[in-house]
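Residue strings, one per chain:
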Amino acid sequence: MRTIGSVLPLPSTDEVSGQSLWDFWTAGANWAAYSSARSALAALLADREVRRVWLPAYACPALMEGAIAGRRQAAWYAVDERLEPRLQDLQSVRSGDAVVGIAYFGRSPSEDFQALVRARPDVLWIEDRAQALAPGPAWGAVRLFSPRKLIGVGDGGLLVAETKLLQPSAPPSRTEAGAQAARAGDPDGQAPETWFPAFQAQEAAFTVDAAAMSPRTAQALRGCLAEPLIAARRRNAGCLAAALADIALWPEPPNWPPLAFPILVADAAAFVRGMAAQGVFCARHWADLPSPERFGPAHDLARRLVSLPCDHRYGEEDMARVVRAVRQVQAGAR
């Protein structure tokens, strides 16, 4: 039986007739294509001469790595148990600061947060779309994409804005997506030893640099049709939402195409191990947070949140299998 989840396979790089993912994300705006999202963020903040950047307490370590490059100061704002920003924390934002807001699992932040954005044009608002395939209308002055989270490519950090953006100053440092190519040769996921160690090595090698996105990633983004990816994730998430509403992070079914379907369990680490034994490989976004422990709700989420796979490789039968695995692991934990 084939496994579900884990590394995405390298997609076809043929030319497409229709709107590519690249065109969907850039939409005629200015863009700058870096080797990674952390590098793109660091370049943006340096170019805009930002000295202090605000990050949500629920964020991945790579985001902070890009934010504090160049000895910038990181400040934190809290999120609640549903990943909504605590707006009172942002009352201390000063003119000239930057604030990063995350479209968690592809979901745009609340209208109250977006109203604050509109009220403070003196702040650089950065919309982190690393987990977002199609989150809806842009609210940030700059949008930041991380393609390898959503399709099977090995690198890439894409900035999109209506204003001029600093371009990478070094050639691509990565030219291959070896793990993703090997995964494409193992569609049933029966030989992870041929691709998973390579994937871990690829991920561990990322640093903040000024290198450009690899041609292979740019070609893949231009060769992927956006709409089928969006439709598949939305459809699969709807299946999971209907069956797992009792443990879903958000009570409403997603009307956006999520990175994964987030659920809450008592012990995320143990749950992920149980799902792997069922042949369903789930991620944790994120197990280790860079924010201080005083942000209790964020760190509680890190211990409890599990990301169920629902990407474009799968269909209704696969989602039914994911649901059965979830219920079996739950039953075994009682």
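For the structure given in this document, a descriptive report is provided here. (Residues numbered from 1 in each chain as written. Predicted model: local features only at pLDDT ≥ 70, side-chain atom pairs only at ≥ 80, totals over all residues. Heavy atoms only, no water.)

We now examine the overall build of the chain. Counting its regular elements, the chain contains eleven helices and eleven strands. Across its three principal directions, the C-alpha atoms of the chain cover 55 × 45 × 35 Å. Across the 334 residues in the chain, those meeting the buried criterion constitute 56%. Long-range contacts, defined here as pairs at least 24 residues apart, represent 73% of the contacts in the chain between residues at least 6 apart. As displayed, the chain has an accessible area near 14000 Å², and 53% of this comes from carbon and sulfur atoms. The distance from the centre of the 35 positive side-chain charges to the centre of the 35 negative ones in the chain is 3 Å. (Helix = DSSP H or I, 4+ residues; strand = E, 2+ residues; numbered from the N terminus. Buried < 20%, exposed > 50% of the residue type's maximum accessible area, 1.4 Å probe, protein only. Contact = heavy atoms within 4.5 Å. Areas by Shrake-Rupley, 256 points an atom, 1.4 Å probe, with all protein chains shown as cover. Lys, Arg positive; Asp, Glu negative; His and termini not counted. Charge placed at Lys NZ, Arg CZ, Asp CG, Glu CD.)

Attention now goes to the sheet that holds strand S4 (residues 73-77). Within the open sheet, the seven strands sit side by side as S2-S8-S7-S6-S5-S3-S4. Their pairing is mixed. At either end of the open sheet lies a strand with only one pairing partner, and these are strand S2 (30-34) and S4. Each neighbouring strand pair of the sheet contributes to a mean axis angle of 25 degrees, computed without reference to strand direction. With five bridges joining them, strand S5 (residues 98-102) and strand S6 (residues 124-128) adopt parallel strand pairing. The residue of S6 that forms the bridge with Val99 is Trp125. (Pairing = 2+ DSSP bridges. Axes fitted to C-alpha atoms, helices over the stretch in contact; angles between N-to-C directions.)

A separate point is the nonpolar core. Core analysis: the largest hydrophobic core is formed by 67 residues, its most contacted members being Leu21, Tyr58, Leu83, Tyr104 and Leu159. Among the elements that make up this core, the one with the highest residue count is helix H2 (residues 37-47) (six residues). The contact partners of Leu21, leaving out residues within four places of it in the chain, are Leu133, Ile151, Leu221, Cys224, Leu225, Ala226 and Leu229. In this structure, Ala268, Val272, Leu308 and Val326 belong to the second largest nonpolar core, which totals 26 residues. (Core = buried A, V, L, I, M, F, W, Y, C linked by side-chain atoms within 4.5 Å.)

This part takes up helix H7 (residues 215-223). Listed as buried for H7 are Thr217, Ala218, Ala220, Leu221 and Gly223. In this structure, the buried side of H7 is in contact with helix H1 (21-26).

Time to look at the pairing of S5. Side-chain positions along a regular strand alternate between the two faces of the sheet. In terms of residue burial, S5 counts as a mostly covered element, since five of its five residues are buried. Residues Ala98, Val100 and Ile102 point to one face of S5 and Val99 and Gly101 to the other, with burial holding for every one of them. For the segment spanning S5, helix H4 (residues 111-119) and S6, crossover handedness is right-handed. (Right-handed = clockwise from strand over helix to strand, strands pointing away.)

As a further point, take the packing of aromatic side chains. What the rule picks out here adds up to ten aromatic pairs. Following the ring pairs from residue to residue traces out a cluster consisting of Tyr58, Tyr104 and Trp286. Looking at Arg148, its charged tip hangs above the ring of Phe206, at a distance of 4.0 Å from the centre. Directly above the ring of Trp22 sits Arg222, whose terminal nitrogen or CZ lies 4.0 Å from the centroid. (Phe/Tyr/Trp six-rings, centres within 6.5 Å; stacked < 30°, edge-to-face > 60°. Lys NZ or Arg CZ within 6 Å of the ring centre and 35° of its normal.)

Secondary-structure assignment places Arg233 in helix H8 (residues 226-243). For the buried Arg233, no salt bridge exists, and the shortest N-O distance to an oppositely charged side chain is 5.0 Å, to Asp311. (Salt bridge = Lys/Arg side-chain N within 4 Å of Asp/Glu carboxyl O.)

Further remarks concern the pairing of strand S7 (residues 142-145). On S7, burial covers both faces: Val142 and Leu144 on one face and Arg143 and Phe145 on the other are all buried. Summarising the sheet, S6 and S7 pair through three bridges and their orientation is parallel. When the sheet's bridge partners are listed, Glu127 is paired in S7 with Arg143. Bridge count between S7 and strand S8 (residues 157-161): four bridges; the pairing is antiparallel.

Following the criterion strictly, the structure yields 15 salt bridges and no others. Where Asp246 meets Arg327, a salt bridge forms, and the shortest distance between an N and an O atom there is 2.8 Å. Taken together, the residues span a long stretch of sequence, with Asp246 in the loop between H8 and strand S9 (261-264) and Arg327 in helix H11 (residues 316-333) at a distance of 81 residues. The exposure class assigned to Asp246 is exposed, which follows from its relative accessible area of 55%. Where Arg313 meets Asp311, a salt bridge forms, and the shortest distance between an N and an O atom there is 2.9 Å.

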